[in-house]
Amino acid sequence: MRRKLAAGNWKMNGTAANLAELEALKSLMPVDAPDVLICPPAPLLFRAHEVAGDTGIQIGAQDCHNHESGAFTGDISATMIADTGATHVIVGHSERREAYEEHDSDIRKKAKAAWAAGLTAVICIGESGDDHEANNTLEIIAGQLAGSLPDATSATNTVIAYEPIWAIGTGKVPTLEQIVQVHDFIRAKIITRFGAEIGDMIPLLYGGSVKPDNAATIFEAENVDGALVGGASLKAADFAPIIEALAAS
Ligand code: PGA
């Protein structure tokens, strides 16, 4: 059985006051909760870890540098992230690929840096709206998988998040059929590359406008093991029903 994961990406939203949402989430966790991960802005990592306490809610960062330390003003290393008590780091989110021109090779290095610090890398892939319309989705995904995933990818050091860029923050969601097609494709690709034992066990998340009212449908897909949630992870009242839908799936 693959582990299920409900991950929240707060992006550049939230100050210490927003940790009240994390506090609220603790009391809304279902009994048989899947793995739950909250990725707040970096300045909140340490405090978020303290608020999460022993609830099992894990804390992650949204990006890391690929070096452990050095003259990289403003950057944060995976070692520093791990030092806050965090367990995960998102790498290769499309917003970073676009705004900071991060390429597959950068993401591969960041994933390795994450592992070296003992973190699980949540590696994001996804096609643009233009590529979606031109029916290039599978080709783009294949390229990103080949380029972003290091050879030592395993089911314990990596989570893959498929996030069609056109679905992020837009309220547009692919049909269940489209999600099934892409997730089955990713599963087949990683089994081919890493072998069935590893490829079958790597959790695959869907991300892009996941909300309380569409989560259950998305989780019907056999190769969807959870979600990477942006907007709807900011409020405990929105994120909790998504966690419940995953627990029930
Ligand atoms: P969204 O963001 O849920 O707000 O669409 C998802 C993401 O970017 O991870």
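Just above, that's the structure.
Along each chain, numbering runs from 1 in the same order as the chain's sequence is written. Selection of residues for local features in this predicted model requires a pLDDT of at least 70, selection of side-chain atom pairs for listing and counting requires 80 or more, and totals for whole chains, interfaces and linings are taken over all residues. Side-chain numbers here rest on the full set of heavy atoms in the structure, without hydrogens or water.

Quick notes on the pairing of strand 4 (residues 88–91)
Stage number 1. Think of it in three bands: residues with accessible area under 20% of the maximum for their type are buried, residues over 50% are exposed, and the middle band is partly exposed, with areas taken using a 1.4 Å probe on protein chains only. For helices the rule is a DSSP run of H or I covering at least 4 residues; for strands it is a run of E covering at least 2, with both sets numbered from the N terminus onward. Burial of strand 4 is two-sided: the residues His88 and Ile90 facing one way and the residues Val89 and Val91 facing the other way are all buried.
Stage number 2. Whether two strands pair depends on DSSP finding at least two bridges between them. With two bridges joining them, strand 3 (residues 57–61) and strand 4 adopt parallel strand pairing. Of the residues in strand 4, the one forming a bridge with alanine 61 is valine 89.
Stage number 3. Here strand 4 pairs with strand 5 (residues 120–125) via four bridges, running parallel. Of the residues in strand 5, the one forming a bridge with isoleucine 90 is valine 122.

Topic: unusual backbone geometry
Only a minority of non-glycine residues have a phi that is not negative, and only a minority of peptide bonds are not trans.
Stage number 1. Although it is not a glycine, lysine 11 adopts a positive phi angle of roughly 55°.
Stage number 2. Within the secondary structure layout, lysine 11 lies in the loop between strand 1 (5–9) and helix 1 (19–28).

Things to note about helix 1
Stage number 1. Within the sequence span of helix 1, burial applies to Leu19, Leu22 and Leu25. Down the axis of helix 1, the sector holding all buried residues measures 100°, keeping them to one side.
Stage number 2. By definition in these notes, contact holds between two residues if any of their heavy atoms fall within 4.5 Å. Looking at the buried positions of helix 1, the neighbouring elements they touch are strand 2 (35–39), helix 2 (45–52), strand 3 and helix 11 (236–248). Comment: arc refers to directions from the helix axis out to C-beta atoms.

Some thoughts on the site of the ligand
Stage number 1. A molecule or strand has a residue near it when one of that residue's heavy atoms lies within 4 Å. Taken together, 13 residues surround the ligand, and among them Lys11, His93, Glu163, Gly169 and Ser209 come closest.
Stage number 2. Throughout this description, a polar contact denotes any pair of N or O atoms lying within 3.5 Å of each other; where both atoms belong to protein, one of them has to be capable of donating a hydrogen while the other can accept it, and for residues adjacent in sequence the pair is counted only when both atoms sit in side chains. Between lysine 11 and the ligand, the recorded distance is 2.7 Å, taken from a side-chain N or O atom to an oxygen atom.
Stage number 3. Only the protein chains shown count as cover for residues, and all accessible areas are computed by the Shrake-Rupley method using a 1.4 Å probe. Protein contact buries 97% of the 280 Å² of open area that the ligand shows by itself.
Stage number 4. Considering only residue class, the shell around the ligand consists of four nonpolar, seven polar and two charged. Ten residue types, Ala, Val, Leu, Ile, Met, Phe, Trp, Tyr, Cys and Pro, are classed as nonpolar, four, Asp, Glu, Lys and Arg, as charged, and the remainder, Gly among them, as polar.

Remarks on the packing of helix 1 against helix 2
Stage number 1. Axes, fitted as lines to C-alpha atoms, cover a helix only where it is in contact. Angles between the N-to-C directions of the axes lie from 0 to 180 degrees. It is at 9 Å that the axes of helix 1 and helix 2 come closest, and there the two elements cross at 25°. Taken together, the axes of helix 1 and helix 2 lie roughly parallel to each other. Here the hand of the crossing between helix 1 and helix 2 comes out right-handed. Residues Leu19, Leu22, Glu23 and Lys26 of helix 1 lie in contact with helix 2, whose contacting residues are Arg47, Ala48, Val51 and Ala52.
Stage number 2. Per-class residue counts for the contact of helix 1 with helix 2 are five nonpolar, no polar and three charged. Roughly parallel refers to an angle under 35 degrees, roughly antiparallel to one over 145, roughly perpendicular to one between 65 and 115, and oblique to any angle outside these ranges. A clockwise turn of the near helix away from the far one marks a right-handed crossing, whereas an anticlockwise turn of less than a right angle marks a left-handed crossing.

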